[in-house]
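Analysis of the macromolecular model
Chain residues, written in single-letter form:
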Amino acid sequence: MSKFKRVKKYKSDEKVTAKTFLKPAIYLLPFILGILVFTVYPFFNAVAISFKEDYKVISDTFSGWGLGNYQKIFSDPTFIKAIINTTQYVLVVVSISLVISILIAVMLNSVEKLQGLFQTAYFMPMVTSSAAIGLVWRWLFNYDYGILNYLLSLFDVDAINFLNNPQYSMISLCIYGVWSMLPFTIILLLAGLQNIDPQYYTAAKVDGAKTIDIFFNITVPLLAPTIGLVAIVNMISSFKVFDALYMLFGGKPGPAYNLYTVIFYLYEQFYTKLKLGYAAASAIVLFAIILLFTMVQNRIQKKYDYY
Amino acid sequence: MRVKVKNLTKRFGEVTAVNSLTAEFESGKLIALLGPSGCGKTTMLNMLSGILPVTEGQIFFDEKDVTDLTPDKREVGLVFQNYALYPHMTVLENICFPLKIKKVSKAERIERAKEFAKMVHIEEYLNRKPKELSGGQQQRVAIARALVKNPKLLLLDEPLSNLDAKLRVEMREEIRRIQRESGVTTFFVTHDQEEASAISDYIMLMKLGEMQQYDKTRNLYNQPANLFVADFIGSPTINQLHGVYTKGGIKVDGDNQIIKTNHKWQVEEGSRVVLASRAEAITFNDKDDVKTKVVESYLSGKDTLVNLKIGSYNLRGYIDATKPIKIGDNLNIGFKTEGVFLFDELTGERYYE
Ligand SMILES: Nc1ncnc2c1ncn2[C@@H]1O[C@H](COP(=O)(O)OP(=O)(O)OP(=O)(O)O)[C@@H](O)[C@H]1O
Ligand SMILES: [Mg+2]
């Protein structure tokens, strides 16, 4: 009964011949070439490198195939810590930003007039250079002059050294992470909300439901497919957390080198230590983790196909 | 529950969807809201349910003024034109939903939901999702969901419009039965006069936001208040001969004879009028003297439906199929007392005797 039907897959009834194949192939060629050169080749190359023992970049030599790189990184406490940090960060940031975004999106969706204004406002973080944003956030987090500490002081909370106290660095990173995730998340959720036929709200009202009943019984379940999609996209992007870290702590993984993430570890192995094998292996491990999460997510998602 | 509306008006900017409508609807009856598309039926229904705020006027449920109550406080059941079943809930959950909101215990709401599911014959489908049901089944779920909270008022907005002809007839009988069994005052929106006549105790006929007539279903047919009602109700459509009232009869445009009937209408000489007659009010007796010409004839059951020409107008009547009828024949007809009405051509007002 919904007006949103699944897109049908149409098959062309034209026969595929060398001639009909050639023209579209030529159109696609630049794109395919780009993918091959910049995505497919590096991926397989990374997989290969991760299995090469004692790989040297400069001379492009290695002593043999094996699991040495993996053994090495898994016995490195920094890498283990990086995985734990990253997973923590992902779970906290993705869930908190989702909850906040759902509330904001539902509010925005109900006040049509504000939407234009807000659309610009919450797009800002997406189009502003991340270096500038990092700088701004360093100021917001500043111990002596930062606005966050000022706000806390209004509630008689002692100033927190967000950026320099290792105890709080994870919190700072998460605050920043949530903030940067909101715009994209809100926009996707708004799109999802606009796909919900308003008659369900009307029907629920006639059935006696109050705003809060409608939110939990109608809006959230009907938004679930979008929520799932956003969750997975956000999860993938936050597993790759790096910029935020690099900027907030001035190029260090936390004030006391306490906040390694998988990508930061990879970056360090690659650029600073030139251990390409370790870098590649950690990339593959991250890939496997993301793949796993995605598969689990997809499995859950199947349940929410209502239409 | 008795429903009363007083000067009920709804405007959308320039458009007046419902215009100062006053009526009283008896308790426990099935009332059809009938009228052509865009005449304000849905608007009327939505104001009764509380979905739409009224622009002016009042709504009373029994003696209580409910004009400003939100839908959740009105205790009405509403069946939407496209059912609006919650797609993420099973049939059982859909029916339970109004009770869940009322915080009825789980065991009790399931029991009551099952009771109503049985009443509308969908008890086999309780665990299906709405998308796995046919249109007719979905509709019955929607009715069960509307009834389960024991509403004081049941509102149905063109609930049969998505169904095929056979299912339509079946479902309207079903609705009639369910309404009788539950005894709930019911409004049923439709633009199909046949459907309205078949199902309802009363009909309210609307046109452009104005009530044309509210009466017992039979009376709309037998005693139409104006030409619009006479024209809208009945199949085949009522015969309409336009002409001038002169010398105690009607001179139809394009014809010379003056038609006299046994009515004593109070009409001024020279008025433009419409003589309206039901097909079954046309007689073909030997002493009948209104001259017509046969244009067409079709067999219709034991009778022949003849299409006759009189002046510039056509007229239909039922004649005994044993009588030989040829196209082009001259045929004399007469008018019965019942089923024949005279209206003012301009205003459509009816002339009474
Ligand atoms: N939300 C709205 N905004 C503006 N005009 C409206 C709105 N809803 C209805 N109208 C207008 O009010 C009039 C009555 O509409 P309504 O939906 O009540 O008609 P209806 O009798 O239910 O017709 P149908 O048989 O086609 O469903 C129409 O002219 C319609 O265009
Ligand atoms: Mg309507």
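This part is about the overall build of chain B. Secondary structure assignment for chain B yields eight helices and 21 strands. Counting only C-alpha atoms, chain B reaches 75 × 45 × 30 Å along its principal axes. Counting every position in chain B, which comprises 353 residues, the buried fraction comes to 56%. When contacts within chain B are restricted to residue pairs at least 6 apart in sequence, those whose partners lie at least 24 apart make up 66%. Summed over its atoms, the accessible surface of chain B is roughly 16,000 Å², and 47% of this surface lies on carbon and sulfur atoms. Between the mean site of the 50 positive side-chain charges and the mean site of the 48 negative ones, chain B shows a separation of 4 Å.

It is worth spelling out the packing of aromatic side chains at this point. Residue and element names in this part refer to chain A. Following the criterion strictly, the structure yields 27 aromatic pairs over all chains and no others. Ring centres 5.6 Å apart and planes at 40 degrees place the aromatic pair Phe-242 and Tyr-246 in the tilted group. Measuring from centroid to centroid gives 4.9 Å for Phe-242 and Tyr-267, while their planes differ by 55 degrees, and the two rings are tilted. Here Phe-242, found in the loop between helix H9 (211-239) and helix H10 (243-248), pairs with Tyr-267, found in helix H11 (residues 262-272); they are 25 residues apart in sequence, far enough to count as distant. According to the relative accessible area criterion, Phe-242 is buried, its value standing at 18%.

On to the site of ligand 1. All names here are of chain B. Residues in contact with ligand 1, as listed here, are Phe-12, Val-15, Ala-17, Ser-37, Gly-38, Cys-39, Gly-40, Lys-41, Thr-42, Thr-43, Glu-158 and His-191. With respect to ligand 1, the side chain of Lys-41 contributes an N or O atom lying 2.8 Å from an oxygen atom. For ligand 1, an oxygen atom lies 3.0 Å from a polar atom in the side chain of Glu-158. For ligand 1, the protein covers 59% of the area, taking 630 Å² as the surface of the free molecule. Looking at the shell around ligand 1, the elements that each hand over two or more residues are strand S2 (15-25) and helix H1 (41-49). The greatest single-element share of the shell around ligand 1, amounting to three residues, is contributed by H1. In the shell around ligand 1, the residues fall into four nonpolar, six polar and two charged.

What follows concerns the pattern of salt bridges. Residues and elements named next belong to chain B. Evaluation of the coordinates by the stated rule reveals 21 salt bridges over all chains. The salt bridge involving Glu-24 is made with Arg-2; its shortest N-O contact spans 3.0 Å. Of this pair, Glu-24 sits in strand S2 while Arg-2 sits in the segment before strand S1 (3-12), and the two are 22 residues apart along the sequence. According to the relative accessible area criterion, Glu-24 is partly exposed, its value standing at 42%. Note on Arg-2: relative accessible area 26%, which makes it partly exposed. Look at the salt bridges and you will find they share partners, linking Arg-140, Glu-174, Arg-177 and Glu-181 into a network.

Okay, helix H1 (residues 18-50) of chain A next. With 33 residues, H1 of chain A ought to run about 48 Å at 1.5 Å a step, yet its terminal C-alpha atoms sit only 40 Å apart, falling short of that. Leu-28 of chain A marks the point of greatest bend in H1 of chain A, at about 45 degrees, and the proline Pro-30 of chain A comes within the next four residues.

Time to look at the pairing of strand S20 (residues 340-344) of chain B. All names here are of chain B. Counting buried residues in S20 gives five out of five residues, a clear majority hidden from the surface. Here S20 shows no split at all, with Val-340, Leu-342 and Asp-344 on one side and Phe-341 and Phe-343 on the other all buried. Pairing of strand S14 (residues 272-277) with S20 involves five bridges; the strand directions are antiparallel. In the sheet register, Val-274 faces S20, and the bridge partner there is Phe-343. Pairing between S20 and strand S21 (residues 350-351): two bridges, direction antiparallel. Opposite Phe-343, over in S21, you have Arg-350 as the bridge partner. Here S20 folds back onto S21 in antiparallel fashion, the turn holding five residues, of which Gly-348 has a positive phi close to 80 degrees.

Right, let's get into the confidence of the model for chain B. Summary statistics for chain B give a mean pLDDT of 92 and a share of 100% for residues scoring 70 or more. Scored as a whole, the predicted complex attains pTM 0.78, and scored at its interfaces, ipTM 0.77.

Let us look at the interface of chain A and chain B. In this assembly, 20 residues from chain A lie in contact with 21 residues from chain B. Residues Asp-207 of chain A and Arg-145 of chain B are paired through a salt bridge, measuring 3.7 Å at the closest nitrogen-oxygen approach. The interface formed by chain A and chain B holds eight residue pairs in polar contact (both at pLDDT 80 or more) in total. With seven residues, the top contributor of residues to the side of chain A that touches chain B is helix H8 (residues 199-206) of chain A. Residues that form the side of chain A that touches chain B fall into these classes: 11 nonpolar, four polar and five charged.

Residues and elements named next belong to chain B. Between Ser-235 and the following residue, Pro-236, the backbone shows a cis peptide bond with an omega angle of 0 degrees. Within the secondary structure, Pro-236 sits in the loop between helix H8 (227-232) and strand S11 (239-246). The backbone of Asp-62 sits at a positive phi, close to 50 degrees, despite the residue not being glycine. For Asp-62, the location among the structural elements is in the loop between strand S4 (56-61) and strand S5 (64-65). The backbone of Lys-103 shows a phi angle near 65 degrees, a positive value even though the residue is not glycine. By secondary structure assignment, the location of Lys-103 is in the loop between helix H2 (91-101) and helix H3 (106-119).

On to the environment of Ala-117 of chain B. Residue and element names in this part refer to chain B. With respect to the secondary-structure elements, Ala-117 resides in helix H3. When its relative accessible area of 0% is taken as the criterion, Ala-117 is described as buried. Sequence separation of Ala-117 and Val-141 is 24 residues, and the distance between their C-alpha atoms is 7.2 Å. Each residue touching Ala-117, except ones within four places of it in the same chain, is listed here: Ile-95, Ile-122, Glu-123 and Leu-126.

This next bit is on the sheet that holds strand S15 (residues 282-283) of chain B. Residue and element names in this part refer to chain B. If you walk across this open sheet you meet the five strands as S15-S19-S16-S17-S18, and the pairing is antiparallel. The sheet is open, and its two borders are formed by S15 and strand S18 (313-320), each paired with just one other strand. With two bridges connecting them, S15 and strand S19 (residues 330-335) associate as antiparallel partners. Each residue of the ladder has a partner; that of Thr-283, found in S19, is Gly-334.

Criteria and cut-off values
- Residues numbered from 1 in each chain as written.
- Chains lettered and ligands numbered in written order.
- Predicted model: local features only at pLDDT ≥ 70, side-chain atom pairs only at ≥ 80, totals over all residues.
- Heavy atoms only, no water.
- Helix = DSSP H or I, 4+ residues; strand = E, 2+ residues; numbered from the N terminus.
- Buried < 20%, exposed > 50% of the residue type's maximum accessible area, 1.4 Å probe, protein only.
- Contact = heavy atoms within 4.5 Å.
- Areas by Shrake-Rupley, 256 points an atom, 1.4 Å probe, with all protein chains shown as cover.
- Lys, Arg positive; Asp, Glu negative; His and termini not counted.
- Charge placed at Lys NZ, Arg CZ, Asp CG, Glu CD.
- Phe/Tyr/Trp six-rings, centres within 6.5 Å; stacked < 30°, edge-to-face > 60°.
- Near = heavy atom within 4 Å.
- Polar contact = N/O pair within 3.5 Å; in protein donor to acceptor, adjacent residues only side chain to side chain.
- Nonpolar A, V, L, I, M, F, W, Y, C, P; charged D, E, K, R; others polar.
- Salt bridge = Lys/Arg side-chain N within 4 Å of Asp/Glu carboxyl O.
- Expected span 1.5 Å × (residues − 1).
- Bend = angle between axes of the 7 residues up to and from the residue.
- Pairing = 2+ DSSP bridges.
- pLDDT = per-residue confidence, 0-100.

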